Amino acid sequence: MNISTLVIKEMKRRKLNFFLGLLSVVFAVTTVTGALTMLQVHDHKTNEIITEKEAETHERMALLEDDYRKIMKKLGFNLLILPKDQNISDLFANDFASKLMPESYVDSLAASRSMLIRHLLPSLQQKIEWPEKRRTIILIGIRGEVPFLHKDPKEPMMIAVPKGTMVTGFELHDKLGLKQGDEVELLGRKFKVGKCNEPRGNKDDITIWINLQEAQELLNKQGKINAILALKCFCSGGNQAQVREEVQSVLPGTQVIERGSKVFLRAEARARAAKEAQDAIQAEKRHRNKLRNQLEKFASILVPLVLLSSVLWITFLFIGNVSERKSEIGILRAVGVKEKSIMRLFLLKALLIGIFGAVIGYLLGLVIGSVWGGLFSFSLFNLYLFLLVLLCAPLLSLLAAYIPAAMAARQDPAEVLREE
Amino acid sequence: MIYIDNISKKYTKENKTIHALDNFSLTLEKGEFLAIHGPSGCGKTTLLLIAGGLLHPDQGRILIDSENIYDLSAEKRAVFRAKNIGFVFQQYHLIPYLTVLENVQVPALAQKKDVPENEIYELIESLGLKERLQHTPAELSAGEKQRTALARALLYNPKILLADEITGNLDQGNVEIVMNCLADYSAHGGTVLLVTHDKNANRLAHRTIYIEKG
Ligand SMILES: Nc1ncnc2c1ncn2[C@@H]1O[C@H](COP(=O)(O)OP(=O)(O)OP(=O)(O)O)[C@@H](O)[C@H]1O
Ligand SMILES: [Mg+2]
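What counts and how
Residues numbered from 1 in each chain as written. Chains lettered and ligands numbered in written order. Predicted model: local features only at pLDDT ≥ 70, side-chain atom pairs only at ≥ 80, totals over all residues. Heavy atoms only, no water. Helix = DSSP H or I, 4+ residues; strand = E, 2+ residues; numbered from the N terminus. Buried < 20%, exposed > 50% of the residue type's maximum accessible area, 1.4 Å probe, protein only. Contact = heavy atoms within 4.5 Å. Areas by Shrake-Rupley, 256 points an atom, 1.4 Å probe, with all protein chains shown as cover. 1 Å grid on protein atoms, 1.4 Å probe; cavity = no way out; pocket = protein on both sides within 12 Å on 5 of 7 lines; lining within 4 Å. Points joined across faces, edges and corners; volume = space filled by probe spheres on them. Nonpolar A, V, L, I, M, F, W, Y, C, P; charged D, E, K, R; others polar. Buried area = accessible area lost by both parts, 1.4 Å probe. Salt bridge = Lys/Arg side-chain N within 4 Å of Asp/Glu carboxyl O. Pairing = 2+ DSSP bridges. Phe/Tyr/Trp six-rings, centres within 6.5 Å; stacked < 30°, edge-to-face > 60°. Lys NZ or Arg CZ within 6 Å of the ring centre and 35° of its normal. pLDDT = per-residue confidence, 0-100. Axes fitted to C-alpha atoms, helices over the stretch in contact; angles between N-to-C directions. Domains from an automatic or database assignment. Polar contact = N/O pair within 3.5 Å; in protein donor to acceptor, adjacent residues only side chain to side chain. Arc of directions from axis to C-beta.

> Any chance you could explain the overall build of chain A here in plain terms?
Regarding its fold elements, chain A presents 12 helices and 11 strands. Across the 420 residues of chain A, 45% fall into the buried class. Residue pairs at least 24 apart in sequence account for 81% of intrachain contacts in chain A once pairs closer than 6 positions are excluded. Carbon and sulfur atoms form 59% of the exposed surface of chain A, whose accessible area is close to 22100 Å².

Here you go:
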């Protein structure tokens, strides 16, 4: 027989005492492991949520991107090609361009192999008094789309106004009581009203469109135009500068400005949506972090409390055990067992309780923590933590039992053996 | 072989000093069977504990085989006890969660070698405990308990056996068994120091002394 067999026999045959000690360690280890597992589950879930959110955002952004691309394809963006000497402030102030450039520019541009520009609409425009009706109008001569030579002809963007006809803005035909088919005189030439426009709420309402050649004749600007509108230019991801460069390389005597387009608003909206999504993810992250901090705070209070009470519990349990075994200690001393061995008798018991408690407590904590956190996964098994617990629980148990064990070793054997 | 040389022991409790032993001397030869009796409180138990190296006397020496046991460190004294001394007490001091067989083997905790099993069984059988091997102390009669305690004390065949009132709780039959066992042990060269009230028990002792007071 040796000390360890005595320890094991005592634990086996006095199960209650052993289980009470074990319970204490299990309780402590379960709390620690449970708390850490819960935190781990929390982090795991946070990752999941954030990843999901990010994927969702990504998908939404991809959809938006696709939308945007489609819109871009339909809309393109509009450029206004003007004579180089056109003052832009005047253009905006007067609602029309006043400087002139040769009509042949359109054909040069159309003959270029530009892949970015699509529809070219040359125009001659001037604000004039309509002498016959005594009204200020904007007269615009247009000739419809100029087809690119290297591309398949597409359906014309704007049907050219046939010679001898005019298209009138709403304000004009409304106030002057003009109807489609009416005959009307403009600058001494007779025109048939080809079309009456719906109200548009801008300068178009006081505009009359006629054939470009007729406009040139009426205004005495043969072979001249003021502007070329390039519609639906390709533009993905902001290559406006490239378009501009291309135009200017073909027509050095021009300047290119951009007509305000919805594309940019859309792009902005898209950026805003992306930012909002990012903000939402950040907010979620903050929320999860806050939750984690609360959990952590709770655990950081709970765990030391539990550890302390567990240590005290074991200490008291061992004090009880030592006093219960006074007679045993006395006789062991009488047969020549050394003080050191008496101490070992109790410390070994504490060690075994610590080891068993660590293993049971760890598994229990893992289960409770994952059930509580709502996630069960083998990835939660943390070898490092397990080994740490397996080291620390027996150490704490030894620490707790140390004083009672020392008391047992120092007990005076004569005291108990004398008792009758 | 045992010289109890001029020992004194006093206890102080609540400012009252009790002289349990006062300049007490005694010599025991190897193989001697000495019975001590005397009134309660005269210091008999105190004498046994001092002789067995469990209680430091205030004064005097205990020489066993010319070794002054209180000159030894506590640890060496424990080793000395394990080698040379067997104790039997009136209260048995059996370990409650161990069986008879295991209780008898308890001294092995302080020994380097285990006693061969057949010798253990022989000893147990000689004390009539063969049928009680797997019983725990709670399941034993007083006589059986005391015989178990005696078997435990004799397991490693110590040079000296110190027995304190071991027949106090026993009937005549058990007293016979126990006393015969002690006589037998003494006959084989063991020294017995027996404290007893039982006049009957003294028959087997070689020498009986009476302590009046310390
Ligand atoms: N720890 C102690 N503190 C104070 N007094 C003690 C202590 N132990 C023993 N005594 C006293 O010392 C004296 C001797 O005690 P001891 O136990 O040696 O007597 P004893 O002869 O064995 O008596 P009994 O025959 O009743 O067993 C007694 O008066 C006892 O009251
Ligand atoms: Mg006594």
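> It is not clear to me how empty space enclosed by the protein should be interpreted in this structure. Could you clarify?
If a probe as big as a water molecule is rolled over the atoms, it shows which places are left empty. According to the stated counting rule, one finds 3 cavities of 30 Å³ or more in the structure shown. Empty space within the largest cavity amounts to approximately 130 Å³. Val335 of chain A together with Ile85, Gly86, Arg152 and Ala153 of chain B are, among the 15 residues lining the largest cavity, the residues nearest its centre. Breaking the lining of the largest cavity down by element, the ones donating at least two residues are helix H9 (326–334) of chain A together with helix H2 (74–84), strand S6 (85–88) and helix H5 (142–154) of chain B. By residue number, the principal contributor to the lining of the largest cavity is S6 of chain B, which donates 3 residues. Among the residues making up the lining of the largest cavity, the classes are represented as 10 nonpolar, 3 polar and 2 charged.

> I tried to follow the interface of chain B and chain A on my own but got confused; where do I start?
By a widespread convention, an interface's size corresponds to the accessible area lost as its parts come together. The interface of chain B with chain A comprises 30 residues on the first partner and 29 residues on the second. Roughly 2700 Å² of surface becomes buried between chain B and chain A when both sides are summed, with 64% attributable to carbon and sulfur atoms. Considering only the side of chain B, the residues that lose the most area to chain A are His93, Tyr97 and Leu109 of chain B, jointly responsible for 29% of the buried surface there. At the boundary of chain B and chain A, one finds 3 salt bridges. Between Arg13 of chain A and Glu102 of chain B there is a salt bridge, and its shortest N-O distance comes to 2.6 Å. Within the residue set of the side of chain B that touches chain A, elements represented by two or more residues are helix H1 (44–51), H2 and helix H3 (100–105) of chain B.

> In this structure, what is going on with the pairing of strand S4 (residues 135–142) of chain A? I would like to understand it.
Side chains on a regular strand alternate between the two faces of the sheet. All names here are of chain A. Buried residues dominate S4, accounting for 6 of its 8 residues. Counting the residues that bridge the hairpin from strand S3 (residues 119–130) to S4 gives 4 residues, and of these Arg134 lies at a positive phi of roughly 55°. Pairing between S4 and strand S8 (residues 207–211): 5 bridges, direction parallel. Bridged to Leu139 within S8 is Ile208.

> Quick question: what am I supposed to make of the pattern of salt bridges here?
Side chains that carry opposite charge are capable of pairing whenever their charged atoms lie near each other. Throughout the structure, instances matching the rule amount to 25 salt bridges over all chains. Linking Arg61 of chain B and Asp5 of chain B is a salt bridge whose minimum nitrogen-to-oxygen distance equals 2.9 Å. Linking Arg61 of chain B in strand S4 (residues 59–64) with Asp5 of chain B in strand S1 (residues 2–13), this pair joins segments that are 56 residues apart in sequence. Given a relative accessible area of 28%, Asp5 of chain B falls into the partly exposed group. Taken together, the shared-partner salt bridges connect Glu10, Arg14, Arg325, Glu328 and Lys349 of chain A into one network.

> Before we go on, may I ask you to explain the packing of aromatic side chains in this structure?
Here a ring pair, both rings aromatic, is described through the centre-centre distance and the interplanar angle of the planes. This model, assessed by the stated rule, comprises 6 aromatic pairs over all chains. With centroids separated by 5.1 Å and ring planes inclined at 65°, the aromatic side chains of Tyr362 of chain A and Phe386 of chain A adopt a geometry described as edge-to-face. One end of the pair, Tyr362 of chain A, is in helix H10 (residues 339–373); the other, Phe386 of chain A, is in helix H11 (residues 383–410), with 24 residues separating them in the sequence. Pair check on accessibility: Tyr362 of chain A and Phe386 of chain A agree, each one buried. Judged by centre distance (5.4 Å) and plane angle (10°), the ring pair of Phe87 of chain B and Phe89 of chain B falls under stacked. Considered together, Phe87 of chain B and Phe89 of chain B belong to a single accessibility category, that of buried residues. Following the ring pairs from residue to residue traces out a cluster consisting of Phe18, Phe19 and Phe356 of chain A. Across from the ring centre of Phe318 of chain A, 5.6 Å away, lies the NZ or CZ of Lys349 of chain A, which sits over that ring.

> How should I be thinking about unusual backbone geometry in this particular structure?
Across the chain, the bulk of peptide bonds are trans and the bulk of non-glycine residues have phi less than zero. Here Leu187 of chain A, not a glycine, exhibits a phi torsion of approximately 50°, which is positive. Locating Leu187 of chain A in the fold gives a position in the loop between strand S6 (183–186) and strand S7 (189–196). One non-glycine residue, Asn157 of chain B, lies in the positive phi region at around 50°. Relative to the helices and strands, Asn157 of chain B resides in the loop between H5 and strand S7 (160–164). Note on Asn157 of chain B: relative accessible area 57%, which makes it exposed.

> What exactly am I supposed to notice about the confidence of the model for chain A here?
Looking at chain A, pLDDT values average 85 and 89% of them are 70 or higher. Looking at the elements of chain A, mean pLDDT is at its lowest for strand S10 (residues 227–233) of chain A, recorded as 75, and at its highest for H9 of chain A, recorded as 95.

> Would you mind going over the sheet that holds S6 of chain B with me for this structure?
All names here are of chain B. Strand order in the open sheet formed by 5 strands is S6-S7-S8-S3-S9, with parallel pairing between adjacent strands. The strands lining the two open edges of the sheet, one partner per strand, are S6 and strand S9 (207–210). Sheet twist, expressed as the mean angle between neighbouring strand axes with direction ignored, is 15°. One ladder, built from 4 bridges, connects strand S3 (residues 33–37) with S9; its direction is parallel. Bridging across to S9, Ala35 finds its partner in Thr208.

> So what exactly am I meant to see when it comes to the domain arrangement of chain A here?
For chain A, the assigned domains are domain 1 (3–58 + 274–419) and domain 2 (76–259). The centre of domain 1 of chain A, based on its C-alpha atoms, is set 86 Å off from the matching centre of domain 2 of chain A.

> Could you clarify how one ought to interpret the confidence of the model for chain B in this entry?
A low pLDDT means the predicted coordinates there should not be read in detail. Within chain B, residue pLDDT values average 92, and 99% of them lie at 70 or more. On the interface metric, ipTM, the complex scores 0.95, and its pTM is 0.70.

> Would you mind going over the sheet that holds strand S5 (residues 67–68) of chain B with me for this structure?
Within a sheet, each strand pairs with its neighbour through backbone hydrogen bonds, oriented either parallel or antiparallel. All names here are of chain B. The 4 strands lie next to each other as S2-S1-S4-S5, forming an open sheet whose pairing is antiparallel. Every interior strand has two partners, whereas the edge strands, strand S2 (16–28) and S5, have only one. Contacts from H1 reach S1, S2 and S4 within the one sheet, and its direction differs from that of S1 by about 120°.

> What is the right way to look at the environment of Asn197 of chain A in this model?
Residue and element names in this part refer to chain A. Counting through the fold element by element, Asn197 comes out in the loop between S7 and S8. Separated by 47 residues in the primary sequence, Asn197 and Arg244 place their C-alpha atoms 32 Å from one another. The contact partners of Asn197, leaving out residues within four places of it in the chain, are Val167, Thr168, Gly169, Phe170, His173 and Trp209. Engagement of the side chain of Asn197 in a polar contact is seen with the side chain of Lys195, the distance being 3.4 Å.

> Would you take a moment to explain helix H4 (residues 104–111) of chain A for this structure?
Side chains of residues three or four places apart in an α-helix project in the same direction, reflecting 3.6 residues per turn. Taken together, the buried positions of H4 of chain A are occupied by Val106, Leu109 and Ala110 of chain A. Relative to the axis of H4 of chain A, the buried residues are bounded by an arc of 100° and lie together on one face.

> In this structure, what is going on with the pairing of S6 of chain A? I would like to understand it.
Residue and element names in this part refer to chain A. Judged by which residues are buried, S6 turns out to be one-sided: Val184 and Leu186 face inward and are buried, whereas Glu183 and Glu185, on the alternate face, are not. When S6 meets S7, the two strands line up antiparallel, connected through 4 bridges. Note on S7: the bridge partner recorded for Leu186 is Arg189. With antiparallel pairing between neighbouring strands as the criterion, S6 and S7 make up a hairpin whose turn holds 2 residues, including Leu187 at a positive phi of roughly 50°.

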